[in-house]
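A look at the structure
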Amino acid sequence: RVSAISLICFASSMSQQKLLYSVVARGTTVLAEHSVVAGNAHLLAVRILEKLSPDEDIRVSYTQERHMFHVLLQEGITYLVVAE
C-alpha cells in the first residue's frame, strides 16, 4: 500500500526536485494545500483533479514544461505534488 508520505519521498528523490505545491483532495474538493511559490500550479492541479476517476486507485506523473505533477489517488483521496 502506497501512502502520501511515500509519494512525497518519491517526488523529492527524483533528481533532487524542489517541491513547489502540494494538495490533498477528495474528488475536486481540496482538503488541504500548500504552495511555496506564486503561480498557476493550483489551476493546473484542479484540471488534473477534474480528469481523475475517484473509483480507481492510480499512481501517475505528468510533465508540464519544467514541472512534474506526481499524483496518487487511493481510496478516494488524491495526493498531488508539483515538483520542479
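Predicted model only: the values in this text are computed from it and were never measured.

Regarding helix α2 (residues 41-51), the residues found buried are A41, L44, A45, I48 and L49. Seen from one end, α2 has its buried residues packed into an arc of 140 degrees, which puts them on one side. Among the exposed residues of α2, those oriented more than 90 degrees off its buried face are L43, R47, E50 and K51.

Before going further, it helps to examine the confidence of the model for the protein. Regions with low pLDDT should not have their predicted coordinates read in detail. Mean pLDDT over the protein stands at 81; residues scoring 70 or higher make up 81%. Mean pLDDT across the elements of the protein bottoms out in helix α1 (residues 4-13) (53) and peaks in strand β5 (residues 77-83) (92).

The topology assignment puts G76 in the loop between β4 (67-74) and β5. Residue G76 is classed as buried on the basis of its relative accessible area of 14%. Those residues in contact with G76, other than ones at most four positions away along the chain, are A25, R26, G27 and P54.

Next up on the list: unusual backbone geometry. Even without being a glycine, E75 presents a positive backbone phi close to 55 degrees. Summarising the element assignment, E75 is placed in the loop between β4 and β5.

On to the environment of E50. Of note, E50 is situated in helix α2. Remark: the alpha-carbon pair of E50 and T28, spanning 22 residues in sequence, is separated by 6.0 Å.

Before going further, it helps to spend a moment on the pairing of strand β3 (residues 58-64). The sheet contact formed by β3 and β4 spans 7 bridges and is antiparallel. What sits directly across from Y62, in β4, is F69. Counted along the chain from β3 to the antiparallel partner β4, the turn is 2 residues long, and its residue E65 has a positive phi close to 55 degrees.

Moving on: the sheet that holds β3. If you trace the 5 strands from one edge of the open sheet to the other, you get β2-β1-β5-β4-β3, paired in antiparallel fashion. Each of the sheet's edge strands pairs with one partner strand only, and the pair in question is β2 (29-35) and β3. Adjacent strand axes in the sheet meet at a mean angle of 15 degrees when their direction is disregarded. As judged from the 7 bridges shared by β4 and β5, these two strands associate in the antiparallel manner. Its bridge partner lying in β5, V71 is registered against L80.

Basis of the calculations
- Residues numbered from 1 in each chain as written.
- Predicted model: local features only at pLDDT ≥ 70, side-chain atom pairs only at ≥ 80, totals over all residues.
- Heavy atoms only, no water.
- Buried < 20%, exposed > 50% of the residue type's maximum accessible area, 1.4 Å probe, protein only.
- Helix = DSSP H or I, 4+ residues; strand = E, 2+ residues; numbered from the N terminus.
- Arc of directions from axis to C-beta.
- pLDDT = per-residue confidence, 0-100.
- Contact = heavy atoms within 4.5 Å.
- Pairing = 2+ DSSP bridges.
- Axes fitted to C-alpha atoms, helices over the stretch in contact; angles between N-to-C directions.

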